[in-house]
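# Structural overview for review
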Amino acid sequence: MKVTKVSEHIWSIKAWMVIPVHVWLVKDEEGITLVDAGMNRMAGKISKVIKDLNAGPLKRVLLTHGHSDHTGAIKALAEEDEVPVYAHLEEIPYMVGERIYPRRKKLEFNVDKNIVKPLKTNDQGELSTIGGLTPYFTPGHSPGHVIYYHEMDQVVLAGDLFTSKKGKLKPPMPMFTADMAQAVRSSEIVSELNPIRLEVCHGGSVMNPAEQIPAYQSKNAE
């Protein structure tokens, strides 16, 4: 596994499962936020990096969505220490086995329903910033997919909103995507945020990604 410093407050941990799988550690004044939880075998490395950073304990896990390659280390890292896990309200029924993910054939029990909580919202119904990260609802790859924007570092942690190759935005993997047209429409948020850097679970970093969005949408729109 490889650890990379993404920005002042963010580190990525990459493992391989035929394709790369990234999770991210984000530090703030309270401690560490883990964004996505990868695969089960990543738990030990995640724990070690948190300790090595010496920036405080793991305070929470934020999920971009609930697919199994984003939730694998939760049991080892969060359930045992009673660390809260957050996901979008729309996503929770699918990850806890109450509803079948679109285009799947059976229920998935990827997260214990007693530990996962819905992301909080403000009085206007907007998703609230947590651990220095602001969630934005980006459905398509899954019904309740979100991305997280670290405004201070101007970095988007995009989960599976995209994949990437050689610095270029690519669509999420079609066989695992519920509604590709919706996922492509959701990419518009990147133009609005205009981050310096965007990170995806399956692929490398993309610099100045907003510059690519018009061509990306044109090429991948139905």
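Only a predicted model underlies this, so the values are computations on that prediction, with no experimental measurement involved.

## Quick notes on a nonpolar patch on the surface
Together, Ile100, Leu107 and Phe109 make up a nonpolar patch on the protein surface, roughly 290 Å² of accessible area in all. Tracing the sequence through the fold places Leu107 in the loop between α3 (92–95) and β7 (116–118).

## Observations regarding the pattern of salt bridges
Across all of its chains, the model carries four salt bridges by this definition. Of the charged contacts, one joins Arg197 and Glu199 as a salt bridge, the two residues approaching to 2.8 Å between their closest N and O atoms. Given a relative accessible area of 3%, Glu199 falls into the buried group.

## Digging into the sheet that holds strand β14 (residues 206–207)
Taken in spatial order, the five strands line up as β8-β9-β10-β13-β14 in an open sheet, and their pairing is mixed. The strands lining the two open edges of the sheet, one partner per strand, are β8 (134–137) and β14. In terms of strand pairing, strand β13 (residues 197–199) meets β14 through two bridges, oriented antiparallel. Along β14, the bridge assignment pairs Leu198 with Val206.

## Re the sheet that holds strand β4 (residues 32–35)
Strand order in the open sheet formed by seven strands is β1-β2-β3-β4-β5-β6-β7, and the pairing between neighbours is mixed. The two strands at the open ends of the sheet, each matched to only one other strand, are β1 (2–5) and β7. Across the sheet, the mean angle from the axis of one strand to that of its neighbour is 25°, orientation sign disregarded. Packing of helix α1 (residues 43–53) onto the sheet brings it into contact with β1, β2 (10–17), β3 (19–27), β4 and β5 (58–62), and relative to β3 it is tilted by some 35°.

## A few points about unusual backbone geometry
Of note, the phi angle at Asp36 is positive, near 70°, even though the residue is not glycine. As for its position among the elements, Asp36 is in the loop between β4 and α1. In this structure, Asn54 is a non-glycine residue whose phi angle is positive, near 55°. Along the chain, Asn54 turns up in the loop between α1 and β5.

## Digging into the side chain of His22
Considering the arrangement of structural elements, one finds His22 in strand β3. Among the polar contacts made by the side chain of His22, one reaches the main-chain carbonyl oxygen of Val200 at a distance of 3.5 Å. In terms of polar contacts, His22 uses its side chain to reach the backbone carbonyl oxygen of Cys201, at 2.9 Å. Setting aside its immediate chain neighbours within four residues, His22 contacts Ser12, Ile13, Lys14, Val200, Cys201 and Gly203.

## Side note on the nonpolar core
Core analysis: the largest hydrophobic core is formed by 48 residues, its most contacted members being Leu34, Ile46 and Leu157. Counting residues per element, this core draws most heavily on β3, at five residues. Once you skip the residues sitting within four places of it in the chain, Ile46 turns out to touch Ile13, Val23, Leu25, Leu34, Ala73 and Leu77. Listed in part, the 17 residues of the second largest apolar core include Val156, Ala158, Leu161 and Ala210.

## Brief notes about the packing of aromatic side chains
On inspection of all chains with the given rule, the structure shows two aromatic pairs. Measuring from centroid to centroid gives 5.2 Å for Tyr94 and Tyr101, while their planes differ by 25°, and the two rings are stacked. This pair shows no difference in class: Tyr94 is buried, exactly as Tyr101 is. Ring geometry for Phe162 versus Tyr216: centroids 5.1 Å apart, planes at 70°, classification edge-to-face. Separated by 54 residues along the polypeptide, Phe162 in the loop between β10 (155–157) and β11 (163–165) and Tyr216 in helix α6 (residues 213–220) bring together distant segments of the chain. Just as Phe162 is buried, Tyr216 falls in that class too.

Quick notes on the rules
Residues numbered from 1 in each chain as written. Predicted model: local features only at pLDDT ≥ 70, side-chain atom pairs only at ≥ 80, totals over all residues. Heavy atoms only, no water. Patch = residues over 30% accessible without salt bridge, like charges linked within 9 Å, V, L, I, M, F, W, Y side chains within 5 Å. Areas by Shrake-Rupley, 256 points an atom, 1.4 Å probe, with all protein chains shown as cover. Salt bridge = Lys/Arg side-chain N within 4 Å of Asp/Glu carboxyl O. Helix = DSSP H or I, 4+ residues; strand = E, 2+ residues; numbered from the N terminus. Buried < 20%, exposed > 50% of the residue type's maximum accessible area, 1.4 Å probe, protein only. Pairing = 2+ DSSP bridges. Axes fitted to C-alpha atoms, helices over the stretch in contact; angles between N-to-C directions. Contact = heavy atoms within 4.5 Å. Polar contact = N/O pair within 3.5 Å; in protein donor to acceptor, adjacent residues only side chain to side chain. Core = buried A, V, L, I, M, F, W, Y, C linked by side-chain atoms within 4.5 Å. Phe/Tyr/Trp six-rings, centres within 6.5 Å; stacked < 30°, edge-to-face > 60°.

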